[in-house]
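# Overview (structure and organization)
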Amino acid sequence: MPLAPVKRVRLTESVTDRLLAMLRQGDFRPGAKLPSEREFRIQLQVGRSSIREALQSLIGMGVIEAQAGRGYFVRATGNGAAPAAQAPMVAESHSLRELLEARLILEPEIAVLAAKHVTATDFAALDRALFQIVAAARRGRVVYRAAAMFHVEFAQAAHNAALVQMVRSLVSVMSYWGRVFEWTPGRAQQEVRVHRELLECLKQRNPSAMRRKMREHILITDAALQKYLTRMQPNARSRRGPPTR
């Protein structure tokens, strides 16, 4: 039986999981500065790109933040707790199907607000986020982290801090579960297309059209997941139906 090539994502995911475990164990208190990328490379004996991608993933989860010229710091929730202690548990207690249902309820309405309140600065941030998705797809790397950051930027465009925090919570699970069907053939190109369509729709500043487009995007993700699960477990049937259309 021929062996499949080892995907680079496995190393990055391993580094991400190691860093999450470190934060979850309370090695660093909220607000504490993390070791530098160089120190992490020495400790974990991995390359710079793997460390950097893992740190970017933690930023997308809302677990840490980067401060220009200072380094990486542990974020704190409103009650002072480190979100790293919560993110893995959320991933363990919710299925990807439930995540998609939650997104279907929340994100179309965020898209409505974004259509009403988006600014030129928001568009610039979304353009950069889309570029990251395109760049990852072209290099044959995972795109789900870049896609997750795109959705955080979308929430920022709604200019509602509470909704941004909710999306960050969803992103923590998206980043954890994104590996489930990342390597489905054509998945990266599909992600590029649908996120580009979301941005183009937002530029029209039409709230009802934006709601439909975001809903369509989430349902496309659901369809891709169902296709993956059907191929991997052809005899298995989901105990739950798809998210309400």
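Residues numbered from 1 in each chain as written. Predicted model: local features only at pLDDT ≥ 70, side-chain atom pairs only at ≥ 80, totals over all residues. Heavy atoms only, no water.

### Section: the packing of helix α7 (residues 144-157) against helix α9 (residues 187-203)
Direction vectors running N to C along α7 and α9 enclose 10°, while the axes themselves pass 11 Å from each other. With respect to each other, α7 and α9 are oriented roughly parallel. As α7 packs across α9, the resulting crossing turns out to be left-handed. Note on element contacts: α9 touches α7 through Glu191, His195, Leu198, Leu199 and Leu202, opposite Ala147, Phe150, His151 and Phe154. Here the contact of α7 with α9 is composed, by residue class, of 6 nonpolar, 2 polar and 1 charged. (Axes fitted to C-alpha atoms, helices over the stretch in contact; angles between N-to-C directions. Helix = DSSP H or I, 4+ residues; strand = E, 2+ residues; numbered from the N terminus. Parallel < 35°, antiparallel > 145°, perpendicular 65-115°, else oblique. Left-handed = near helix turned anticlockwise from the far one by under 90°. Contact = heavy atoms within 4.5 Å. Nonpolar A, V, L, I, M, F, W, Y, C, P; charged D, E, K, R; others polar.)

### Brief notes about the layout of surface pockets
The volume enclosed by the largest pocket comes to roughly 590 Å³. Along the wall of the largest pocket there are 18 residues; nearest its centre are Gln56, Gln132, Arg145, Ala146 and Met149. Contributing elements (two or more residues each) for the lining of the largest pocket: α3 (48-61), α6 (120-138) and α7. Grouping the constituent residues of the lining of the largest pocket by class yields 7 nonpolar, 4 polar and 7 charged. (1 Å grid on protein atoms, 1.4 Å probe; cavity = no way out; pocket = protein on both sides within 12 Å on 5 of 7 lines; lining within 4 Å. Points joined across faces, edges and corners; volume = space filled by probe spheres on them.)

### Side note on the pattern of salt bridges
Across all of its chains, the model carries 9 salt bridges by this definition. In this structure, the salt-bridge partner of Glu65 is Arg75, at a minimum N-O distance of 3.7 Å. Of this pair, Glu65 sits in strand β1 (residues 64-67) while Arg75 sits in the loop between β2 (71-74) and α4 (87-93), and the two are 10 residues apart along the sequence. The salt bridge involving Lys213 is made with Glu216; its shortest N-O contact spans 3.4 Å. With Lys213 and Glu216 both in helix α10 (residues 207-232) and 3 residues apart, the pair spans about one turn of that helix. For Lys213, a relative accessible area of 18% puts it in the buried group. Via salt bridges that share partners, Arg193, Glu197, Lys213 and Glu216 belong to a single interconnected network. (Salt bridge = Lys/Arg side-chain N within 4 Å of Asp/Glu carboxyl O. Buried < 20%, exposed > 50% of the residue type's maximum accessible area, 1.4 Å probe, protein only.)

### Looking at the packing of aromatic side chains
Taken as a whole, this structure holds 1 aromatic pair when the rule is applied. Look at Phe150 and Phe154: their rings are 5.9 Å apart centre to centre, the planes differ by 45°, and that puts the pair in the tilted class. On the criterion of helical spacing, the pair formed by Phe150 and Phe154 is a turn pair, its members being 4 residues apart in helix α7. Like Phe154, Phe150 is buried. (Phe/Tyr/Trp six-rings, centres within 6.5 Å; stacked < 30°, edge-to-face > 60°.)

### What about the pairing of β2?
Note: β1 against β2, 4 bridges, orientation antiparallel. Across the sheet, the residue bridging to Ile64 is Val74, located in β2. Linkage of β1 to β2, two consecutive antiparallel strands, is achieved through a turn of 3 residues, within which Gly69 is found at a positive phi near 80°. (Pairing = 2+ DSSP bridges.)

### Describing α9
Taking 1.5 Å as the rise per residue, α9 with 17 residues should run 24 Å; its terminal C-alpha atoms sit 25 Å apart, in good agreement. Among the residues making up α9, those that are buried are Arg187, Ala188, Glu191, Val192, Val194, His195, Leu198, Leu199, Cys201 and Leu202. Backbone geometry just after α9 places Arg205 at a positive phi near 55°. (Expected span 1.5 Å × (residues − 1).)

### A short note on the environment of Pro30
As for its position among the elements, Pro30 is in the loop between α1 (9-24) and α2 (37-44). Among the residues examined, Pro30 registers a relative accessible area of 34% and is labelled partly exposed. Taking the C-alpha atoms as reference, Pro30 lies 7.9 Å from Phe73; in sequence the two are 43 residues apart.

### Considerations on the environment of Arg48
Along the polypeptide, Arg48 turns up in helix α3. Sequence separation between Arg48 and Glu37 is 11 residues; the distance between their C-alpha atoms is 7.2 Å. Residues within four places of Arg48 in sequence aside, it is in contact with Glu37 and Arg41.

### Some remarks on the nonpolar core
In this structure, Ile133, Phe150, Phe154, Leu202 and Met210 are the most contacted members of the largest nonpolar core, which totals 32 residues. Listed by contribution, the elements that provide at least two residues to this core are α5 (96-117), α6, α7, α9 and α10. For this core, the leading source of residues is α6, giving 8 residues. Setting aside anything within four residues of it in sequence, one finds Leu202 in contact with Ala114, Ala115, Val118, Phe123, Leu126, Phe154 and Met210. If you look at the next biggest cluster of nonpolar residues, it comprises 18 residues, including Phe40, Ile59, Val63 and Val74. (Core = buried A, V, L, I, M, F, W, Y, C linked by side-chain atoms within 4.5 Å.)

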